[in-house]
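The chain contents come next:
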Amino acid sequence: MGMMQEFKEFAMKGNVMDLAVGVIIGGAFGKIVDSVVADLIMPIVAFIMGGKLDFSGMFVVLGNVPPGTAMTLDALKKAQVPVFAYGNFITIVVNFVILAFIIFMMIKQMNRLRKAEPAAPPPATPEDIVLLREIRDSLKK
C-alpha cells in the first residue's frame, strides 16, 4: 500500500498536473497554429508570390517512378518511391516561427502585467552595524 500512496502523492503534485495541462493545451495550440499557417498565412503568401504556392507539394523524386504513377507526393509515397520532400520541411519551419513568435508575445505580455516585486533592501554595511551596536549599548545604560 505504501507504493500506491507514494504514486498518488506524486501524481497529484502541482507540477505534474501543471505539466499534464500544459501538454494538452500545447497540443491543441499546435493544431491552431497549423490551421493559421495552412488556411490563413500560406494563401496570402501564395497571393503575394503571384499564384498558387503550396509548399507541401514541393519535392524531388530520388528514384524510378513506376509507369502510371501520378506525380504527387502522396501517390509517390504510396508507390514507395523515395522522395526528398523539402516542402513539408518549409511548412513545419514556418509553423515553428509563427508559434515561437506567438509564445514570445504571450510571455512578453505576461511579464509586463506581472507586478514588479519590491526591491530588496540593501545589505547592512559594517558602519551601519557599528552604529546599531552603539545605539543598543547606549539604550542598555
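Shown above is the structure to which this text applies.
Residues numbered from 1 in each chain as written. Predicted model: local features only at pLDDT ≥ 70, side-chain atom pairs only at ≥ 80, totals over all residues. Heavy atoms only, no water.

Caption draft 1: Seen up close, the packing of aromatic side chains. Under the defined criterion, the tally for this structure stands at one aromatic pair. Arranged with centres 6.3 Å apart and planes meeting at 35°, the rings of Phe-84 and Tyr-86 form a pair that is tilted. (Phe/Tyr/Trp six-rings, centres within 6.5 Å; stacked < 30°, edge-to-face > 60°.)

Caption draft 2: Structural detail: a nonpolar patch on the surface. On the surface, a cluster of nonpolar side chains totalling about 470 Å² of accessible area is made up of Phe-101, Ile-102, Phe-104, Met-105 and Met-106. Accessibility expressed as a relative area gives 31% for Met-105, which makes it partly exposed. (Patch = residues over 30% accessible without salt bridge, like charges linked within 9 Å, V, L, I, M, F, W, Y side chains within 5 Å. Areas by Shrake-Rupley, 256 points an atom, 1.4 Å probe, with all protein chains shown as cover. Salt bridge = Lys/Arg side-chain N within 4 Å of Asp/Glu carboxyl O. Buried < 20%, exposed > 50% of the residue type's maximum accessible area, 1.4 Å probe, protein only.)

Caption draft 3: Just the environment of Ile-90, in detail. Within the secondary structure, Ile-90 is located in helix H4 (residues 86-113). Residue Ile-90 is classed as partly exposed on the basis of its relative accessible area of 28%. Considering only alpha carbons, one finds Ile-90 and Phe-55, 35 residues apart in sequence, at a separation of 6.6 Å. (Helix = DSSP H or I, 4+ residues; strand = E, 2+ residues; numbered from the N terminus.)

Caption draft 4: Broad picture of the pattern of salt bridges. Considering all chains together, one arrives at one salt bridge under this definition. Salt-bridge contacts for Arg-136 lead to Asp-137; the nearest nitrogen and oxygen are separated by 3.4 Å. With relative accessibility at 43%, the residue Arg-136 sits in the partly exposed group. We classify Asp-137 as partly exposed; its relative accessible area is 35%.

Purely geometric stuff here, so don't read any function into it on its own.
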